[in-house]
Amino acid sequence: MSFKDPSPLKREFYNRNTIKVAKELLGKIIVRDVNNGHMLSQIVEVEAYTSGIKDRASHAWKHRTKRNKNMFGKNGVSYVYLSYGMYFMFNIVAKEQEEDAGAVLVRAVEPMIGIEQMKINRKVIKETELTSGPGKLTQALIIDKKLNGKDLTKKGELYIANGKSEMEKIATSPRIGISDFCPKCNSKLIIGEEMVENKPKSKILCYICNNSLSKSMLATKKQWRFYLKDNYFVSKHKFNAI
């Protein structure tokens, strides 16, 4: 593939199961075209977020809003939002036809071209600190709300191009920084063995309202974070050892 003018992935790539797309995005190339030239980076870490019915950690969990509407829309489109009023998060909408919503959060990338410009954008010198986290990579690549809703299947200032397959290097873990809440009383669930005393081990009991939940409902149990093993740009976290 020529890195001077790589071709975007077609929309059909994103018209599939969100989990499958998330895995196959590893190794793909983010192309960011700015006034100072191209910045290219390889995706090395992602998280999948699916339909609100199936995934209580998803922005689509309760219903469609002005903020999350892109997750319900056309596949292959960017979903960019501000997290904690500080960092922009870059997501790619992907889902099967029968699913109401779905997107893949890009958590880390490995810089390839335009590294010096990324250092200027991030105001850091150490290369492994440039893009080793979702907020870091959006700073390095200058991705903000102006690029929310961008069609990533067309050449332009931001799109995704094909790269080499990395399927044999993929590791999985639970997603980072999420919690579980009781759907009945909305209390935060503290997951532990003590919660299932005198209850079937496949169930979790909410201490506040005594609502019983299946473990399969818990967002924290879903192994939907995917990353490339032994890659220095994967976000540093205890789950990397899994």
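Because the structure is predicted, anything quoted here is derived from the model rather than measured. (Residues numbered from 1 in each chain as written. Predicted model: local features only at pLDDT ≥ 70, side-chain atom pairs only at ≥ 80, totals over all residues. Heavy atoms only, no water.)

Student: Teacher, can you tell me more about the overall build of the protein chain here?
Tutor: When helices and strands are tallied, the protein chain shows 3 helices and 10 strands. Expressed as a percentage of the 242 residues in the protein chain, the buried residues total 52%. Nonlocal contacts in the protein chain, meaning residues at least 24 apart in sequence, comprise 64% of its contacts between residues at least 6 apart. Accessible surface for the protein chain amounts to roughly 12300 Å². Of this, 51% is attributable to carbon and sulfur atoms. (Helix = DSSP H or I, 4+ residues; strand = E, 2+ residues; numbered from the N terminus. Buried < 20%, exposed > 50% of the residue type's maximum accessible area, 1.4 Å probe, protein only. Contact = heavy atoms within 4.5 Å. Areas by Shrake-Rupley, 256 points an atom, 1.4 Å probe, with all protein chains shown as cover.)

Student: Where do I start with the pattern of salt bridges in this structure?
Tutor: Pairs may arise between side chains of opposite charge once their charged atoms sit close together. Evaluated as defined, the whole model comprises 12 salt bridges. Between Lys 20 and Glu 24 there is a salt bridge, with the nearest N and O atoms lying 3.1 Å from each other. Of this pair, Lys 20 and Glu 24 both sit in helix H1 (residues 18–25), separated by 4 residues, roughly a single helical turn. What makes Lys 20 partly exposed here is its relative accessible area of 43%. (Salt bridge = Lys/Arg side-chain N within 4 Å of Asp/Glu carboxyl O.)

Student: So what exactly am I meant to see when it comes to the nonpolar core here?
Tutor: In a soluble, globular protein the nonpolar side chains are often hidden away together inside. Formed by 42 residues in total, the largest nonpolar core has its most connected members in Tyr 14, Leu 25, Ile 30, Phe 90 and Ile 160. It is strand S2 (residues 37–49) that provides the largest number of residues to this core, a total of 5 residues. The residues contacting Tyr 14, other than those within four sequence positions of it, are Leu 9, Val 21, Leu 25, Asn 75, Gly 76, Ile 92, Val 93, Ala 94, Lys 95, Thr 153 and Ile 160. Among the nonpolar cores identified, the runner-up in size contains 11 residues, and Ala 57, Phe 72, Tyr 79 and Met 89 belong to it. (Core = buried A, V, L, I, M, F, W, Y, C linked by side-chain atoms within 4.5 Å.)

Student: Sorry, what's going on with a nonpolar patch on the surface here?
Tutor: Together, Tyr 84, Met 86 and Tyr 87 line one region of the surface with nonpolar side chains, adding up to about 410 Å² of accessible area. Tracing the backbone through its elements, the reader meets Tyr 84 in the loop between strand S3 (78–83) and strand S4 (87–93). Its relative accessible area of 75% is what places Tyr 84 among the exposed residues. (Patch = residues over 30% accessible without salt bridge, like charges linked within 9 Å, V, L, I, M, F, W, Y side chains within 5 Å.)

Student: Help me understand the packing of aromatic side chains, please; the structure alone is not making it clear to me.
Tutor: Any two aromatic rings considered together are summarised by their centre-to-centre distance and by the angle between their planes. Counted under the stated rule, the structure contains 2 aromatic pairs. Measuring from ring centre to ring centre gives 5.1 Å for Phe 13 and Tyr 14, while their planes differ by 85°; the resulting arrangement is edge-to-face. The burial state of Phe 13 is the same as that of Tyr 14; both residues are buried. Ring geometry for Tyr 79 versus Tyr 81: centroids 5.3 Å apart, planes at 40°, classification tilted. Exposure remark for Tyr 79: the relative accessible area of 1% places this residue in the buried category. Using a relative accessible area of 12% as the deciding quantity, one classes Tyr 81 as buried. (Phe/Tyr/Trp six-rings, centres within 6.5 Å; stacked < 30°, edge-to-face > 60°.)

Student: Whenever I open this one, the environment of Thr 18 confuses me. Can you help?
Tutor: Here Thr 18 is to be found in helix H1. Linking Thr 18 and Val 104, residues 86 residues apart in sequence, is a C-alpha distance of 7.1 Å. Among all residues touching Thr 18, those that are not within four sequence positions of it are Ala 48, Tyr 49, Thr 50, Ala 94, Lys 95, Gly 102, Ala 103 and Val 104.

Student: I would appreciate a short explanation of unusual backbone geometry in the present structure.
Tutor: What you tend to see is this: most non-glycine residues have negative phi, and most peptide bonds are trans. Even without glycine at this site, Lys 123 takes up a positive phi of about 60°. Mapped onto the elements, Lys 123 comes out in the loop between helix H2 (115–122) and helix H3 (134–140).

Student: Would you take a moment to explain a positive patch on the surface for this structure?
Tutor: Where like charges cluster on the molecular surface, the positive patch consists of Arg 64, Lys 66, Arg 67, Lys 69 and Lys 145. With respect to the helices and strands, Arg 64 occurs in the loop between S2 and S3. Note on Arg 64: relative accessible area 53%, which makes it exposed. (Lys, Arg positive; Asp, Glu negative; His and termini not counted. Charge placed at Lys NZ, Arg CZ, Asp CG, Glu CD.)

Student: Quick question: what am I supposed to make of H1 here?
Tutor: Within an α-helix, residues lying three or four positions from one another point in the same direction, as the helix has 3.6 residues per turn. Within H1, 6 of the 8 residues are buried, leaving the element largely enclosed by the surrounding structure. When H1 is considered as a whole, its buried residues turn out to be Thr 18, Ile 19, Val 21, Ala 22, Glu 24 and Leu 25. Residues of H1 that are buried make contact with S2, S4, strand S5 (103–113), strand S6 (158–161) and strand S10 (225–228). Two or three places before Ile 19, at the start of H1, stands the capping residue Asn 17, its side-chain oxygen 2.9 Å from that residue's backbone nitrogen. A positive phi of about 95° marks Gly 27, the residue just after H1. (Polar contact = N/O pair within 3.5 Å; in protein donor to acceptor, adjacent residues only side chain to side chain.)

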